[in-house]
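If you want the building blocks of each chain, they are given just below.
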Amino acid sequence: MMHHHPILKELMESGCLTADQADAIHEEHLAQGKPVREIAIEQRFLNEAAYLATVARILGTEVVDLSTTPILPNLAKTVPASISRMYEAAPVRVDGNTVVFAVADWPSPAITDDIGFVLSRRIGYVVASKEDVEETILKLYGEESDSINELLSALESDLEDAGDLAGLGDAVDLADLEHAASATPVIRFVNLVLYQAVKDRASDIHFEPFEREFKIRYRVDGALYEMAPPPKNLALPIISRVKVISGLDIAESRLPQDGRIQLNVAGRSIDFRVSTLPTQFGESVVLRVLDRSNVQLDIDNIGFPDDIHDSFIEDIRKPNGIVIVTGPTGSGKTTTLYAALQRINQTETKILTAEDPVEYDVEGIIQLPIRENIGLTFASALRSFLRQDPDVIMVGEIRDMETAQIAIQASLTGHLVFSTLHTNDAPGAVTRLIDMDVEPYLIASTLEAVMGQRLVRTLCPDCRTAYRPDDDTLALLDLDRSQVGDQPFFRGQGCGACNNTGYSGRRAIFEYMRINDPLRTAIIERRPTLALRNKAKELGMRTLREDGIRCILDGYTTVEEVVQYT
């Protein structure tokens, strides 16, 4: 018995679920961040009616049929669209000072407090099917396109008095700042920005104060998009609000700070990693969005070609050695490593990780966040790990000679070590380790494999169109007509579904260098990167560019993406 979710307890007590079913749901909920409701219904443990009846019992209310319930349009004025959409709660009526919402899932007490605080009213609930709740929200508020702009105009009128907060923040009175950060319009605006980011599958949100404007940008599929900018004088209240919810010190604006926010957005559990940076016009804040339900922590879903998939699984099951994943920041290295750990995460295997910071909590793995400011570095963490009797160790990154040497030591004493390096390609990892003064014979005897990877944007399925590449395009990829024949290439025209970008989502391209005897000899002889690359290709390694061409021919991505990243 391991679950603490109120819904699961109630479902077991009412005989709708067995203890084993509840455990299985709880495990998947923790691993993937998916809502309990979704897992229970997907796995066919129970139907929606039984689930809704349980939610209604917990809330002490009834299940209603919204399709026959008259909903007054003026409710849209009482409850802002951003609240309704973020918490997936449709307002159905107002009883005196209580607003009654229809929900399809159990709202935690924190959500009820949040809504009550923003509306300054008491909150009540009825329960209805998910489709009905979504349909009602759509009827009340229409499409989403103008909700941010609507909120911006409301913000300007509501916060006329925020003008005196403009400036660099040093001379601002703390009480004024706290008051502005907890003003209802500011809370609503920040909630909407976070909601919109999760909905658009953004990986990062940037709040950037400049001399004359305050910009908010999202990074979606690796590219930055700007949203309608709020008025410059709101930079301070908005940034202070973000600092308040991420547990940072709002009085400190001269030093960088790091924090994290955990939120339920549209029924999904989302983590935001928050980083602030003092600039000459105020604090710049970046939130990294970690949506566990969006991350494929399963090796079979990462998109490896079959040969790499089989080799990689073979290498991560070895009893000792070092496996390195390499590529620039944001190329999906951590996701690949987590997927590897998830695959070998069994009762009989003790796994320890040192990460800066811990990105995803994985059940059954002991994870340690690095804190350099108190002397807890990768090297010192690794040293302590070896006294904890692990089988597998993951080090977030090999940054220096000390970490590299302890990792090699660990692998020589019978541990399997995973790590990442920032190099342009797989053969470059060897040269980087030699540059860190690691002896080549030690690298040759411990390194098992290096995976180089990049993320390229994938074409939008709704507007993907075929075309015949001309000779210049083929020359960009070092191909000639005979290699391609009549094979069409594809590009995205741009449509509503992909914000007119032509792309939707990303996938990884890989090169996998397995270290075998001829390569070990080349490493010991200190051969340069180019010689290692040629030797690895001779032995069957496909380069990133070649894997990219495979993705172009399969119709997943464009020539521009592959040329840009390889």
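Residues numbered from 1 in each chain as written. Predicted model: local features only at pLDDT ≥ 70, side-chain atom pairs only at ≥ 80, totals over all residues. Heavy atoms only, no water.

Q: Describe the overall build of the protein chain, with residues and values.
A: When you go through the protein chain residue by residue, the secondary structure sums to 24 helices and 18 strands. In terms of C-alpha radius of gyration, the protein chain reaches 26 Å, essentially the compact-globule figure of 24 Å for 566 residues. By principal-axis analysis of the C-alpha atoms, the protein chain measures approximately 80 × 60 × 60 Å. Here the protein chain holds 566 residues, and the buried ones make up 51% of them. Counting contacts in the protein chain only where the partners sit at least 6 residues apart, residues at least 24 apart contribute 65% of the total. (Helix = DSSP H or I, 4+ residues; strand = E, 2+ residues; numbered from the N terminus. Rg over C-alpha atoms; globule rule 2.2 N^0.38 Å. Buried < 20%, exposed > 50% of the residue type's maximum accessible area, 1.4 Å probe, protein only. Contact = heavy atoms within 4.5 Å.)

Q: Break down the environment of Glu538 for me, with residues and values.
A: Assignment of secondary structure puts Glu538 in helix H22 (residues 529-538). Owing to a relative accessible area of 61%, Glu538 belongs among the exposed residues under this scheme. Each C-alpha atom, one on Glu538 and one on Ala497, is 43 Å from the other, the two residues being 41 residues apart in sequence.

Q: Now, about the state of the cysteines: what can you tell me, with residues and values included?
A: Evaluated as defined, the whole model comprises 0 disulfides. Free of any disulfide, Cys495 has its nearest cysteine sulfur in Cys463, 3.7 Å distant. (Disulfide = S-S within 2.5 Å.)

Q: Would you mind going over empty space enclosed by the protein in detail, with residue names and values included?
A: Per the stated rule, a full pass over the model turns up 1 cavity of 30 Å³ or more. Surrounding the largest cavity, Ile322, Ile324, Ile398, Ala404, Ala407, Ile408, Leu433, Ile443, Thr446 and Leu447 form its lining. Here the lining of the largest cavity takes 3 residues from helix H16 (residues 401-412), the largest share from any one element. Of the residues in the lining of the largest cavity, the class split is 9 nonpolar, 1 polar and no charged. (1 Å grid on protein atoms, 1.4 Å probe; cavity = no way out; pocket = protein on both sides within 12 Å on 5 of 7 lines; lining within 4 Å. Points joined across faces, edges and corners; volume = space filled by probe spheres on them. Nonpolar A, V, L, I, M, F, W, Y, C, P; charged D, E, K, R; others polar.)

Q: Got a sec to walk through the environment of Arg550? Specific residues and values, please.
A: Looking at the element boundaries, Arg550 is found in helix H23 (residues 544-553). Between the C-alpha atom of Arg550 and that of Pro305, which follows or precedes it by 245 residues, the distance is 9.7 Å. For Arg550, the residues in contact, after removing those within four places along its chain, are Gly303 and Pro305. Of the polar contacts made by the side chain of Arg550, one reaches the side chain of Asp547; its length is 2.6 Å. (Polar contact = N/O pair within 3.5 Å; in protein donor to acceptor, adjacent residues only side chain to side chain.)

Q: Provide a residue-level description of the pairing of strand E1 (residues 90-95), including the pertinent values.
A: Alignment of E1 against strand E2 (residues 98-103), held across 5 bridges, turns out to be antiparallel. Bridging from a neighbouring strand, Pro91 pairs with Phe101 of E2. Linkage of E1 to E2, two consecutive antiparallel strands, is achieved through a turn of 2 residues, within which Gly96 is found at a positive phi near 60°. (Pairing = 2+ DSSP bridges.)

Q: Which residues make up the packing of helix H17 (residues 426-435) against H22, and what are the values?
A: Two numbers describe how H17 lies on H22: the axes approach to 9 Å, and their chain directions differ by 140°. On the basis of the axis angle, H17 is oblique to H22. When the axes of H17 and H22 are compared, the crossing they make is right-handed. Here Pro427, Gly428, Val430 and Thr431 of H17 come into contact with H22, specifically with Thr529, Leu532 and Arg533. (Axes fitted to C-alpha atoms, helices over the stretch in contact; angles between N-to-C directions. Parallel < 35°, antiparallel > 145°, perpendicular 65-115°, else oblique. Left-handed = near helix turned anticlockwise from the far one by under 90°.)

Q: Just give me the short version of the environment of Val438, but keep the residues and values in it.
A: Relative to the helices and strands, Val438 is located in the loop between H17 and helix H18 (440-446). Overall, Val438 belongs to the buried group, its relative accessible area being 2%. Separated by 36 residues in sequence, Val438 and Glu402 have C-alpha atoms that sit 9.3 Å apart.

Q: Any chance you could break down the packing of helix H1 (residues 6-13) against helix H4 (residues 48-59) for me, citing the residues and the numbers?
A: Packing of H1 against H4 brings their axes to within 10 Å, and their N-to-C directions diverge by 110°. Accordingly, the angle class assigned to the pair H1 and H4 is roughly perpendicular. Taking contact as the criterion, the partners of Pro6, Ile7, Glu10 and Leu11 in H1 are, on H4, Tyr51, Thr54, Val55, Arg57 and Ile58. Counted by class, the contact of H1 with H4 contains 6 nonpolar, 1 polar and 2 charged residues.

Q: How would you explain helix H10 (residues 174-181) if you had to name every residue and give the values?
A: Within the span of H10, buried status applies to Leu177, Ala180 and Ala181. When H10 is viewed along its axis, its buried side chains cluster within an angular range of 95° and face the same direction. Taken together, the buried residues of H10 touch helix H11 (184-199) and helix H12 (235-245). (Arc of directions from axis to C-beta.)

Q: Account for the sheet that holds strand E11 (residues 351-355), with residues named and values stated.
A: What the 7 strands build is an open sheet, ordered E12-E11-E13-E14-E10-E15-E18; its pairing is mixed. Each having just a single partner strand, strand E12 (366-369) and strand E18 (503-514) make up the two edges of the open sheet. Each adjacent strand pair in this sheet contributes to an overall mean axis angle of 15°, direction not counted. Sheet strands in contact with helix H15 (residues 378-385) are E11, E12 and strand E13 (392-395), and its direction is about 165° off that of E11.

Q: Give a detailed account of the packing of aromatic side chains, specifying residues and quantitative values.
A: One pair of aromatic rings is described through two measures. These are the centre distance and the angle between the planes. Going through the model one piece at a time under the given rule, you end up with 4 aromatic pairs. Aromatic side chains Phe304 and Phe312 sit 5.3 Å apart centroid to centroid with 65° between the ring planes, which places their arrangement in the edge-to-face category. Side by side, Phe304 and Phe312 carry an identical accessibility label, which is buried. Following the ring pairs from residue to residue traces out a cluster consisting of Phe304, Phe312, Phe510 and Tyr512. One Lys or Arg, Arg507, reaches over the ring of Tyr556 and ends 3.8 Å from the middle of that ring. (Phe/Tyr/Trp six-rings, centres within 6.5 Å; stacked < 30°, edge-to-face > 60°. Lys NZ or Arg CZ within 6 Å of the ring centre and 35° of its normal.)

Q: Give a description of the sheet that holds strand E5 (residues 214-220) that names residues and reports values.
A: As summarised here, the arrangement of the 6 strands in space is E6-E5-E4-E9-E8-E7, forming an open sheet in which the pairing is antiparallel. At either margin of the open sheet sits one strand with a lone partner, and together these are strand E6 (223-226) and strand E7 (257-265). Between one strand axis and the next, the sheet turns through 20° on average, direction left out of account. Relative to strand E9 (residues 282-291), H12 is tilted by about 45°, and along the sheet it contacts strand E4 (202-209), E5, E7, strand E8 (268-279) and E9.

Q: Talk me through the nonpolar core; I want residue IDs and the actual numbers.
A: Counting residues in each nonpolar core, the largest one holds 62 residues, and the members touching the most others are Phe101, Ile115, Ile205, Phe207, Phe272 and Leu287. Among the elements that line this core, the one with the most residues is H11, at 10 residues. The residue makeup of this core includes at least three contributed by each of domain 2 (61-142) and domain 3 (145-291). Setting aside chain neighbours within four positions, we find Ile115 in contact with Ile83, Tyr87, Phe101, Ile123 and Tyr125. (Core = buried A, V, L, I, M, F, W, Y, C linked by side-chain atoms within 4.5 Å. Domains from an automatic or database assignment.)

Q: Can you explain the side chain of Arg241? Please cite residues and give values.
A: Relative to the helices and strands, Arg241 is located in helix H12. Excluding its chain neighbours within four sequence positions, the residues that come into contact with Arg241 are Ala181, Val186, Ile187 and Val190.

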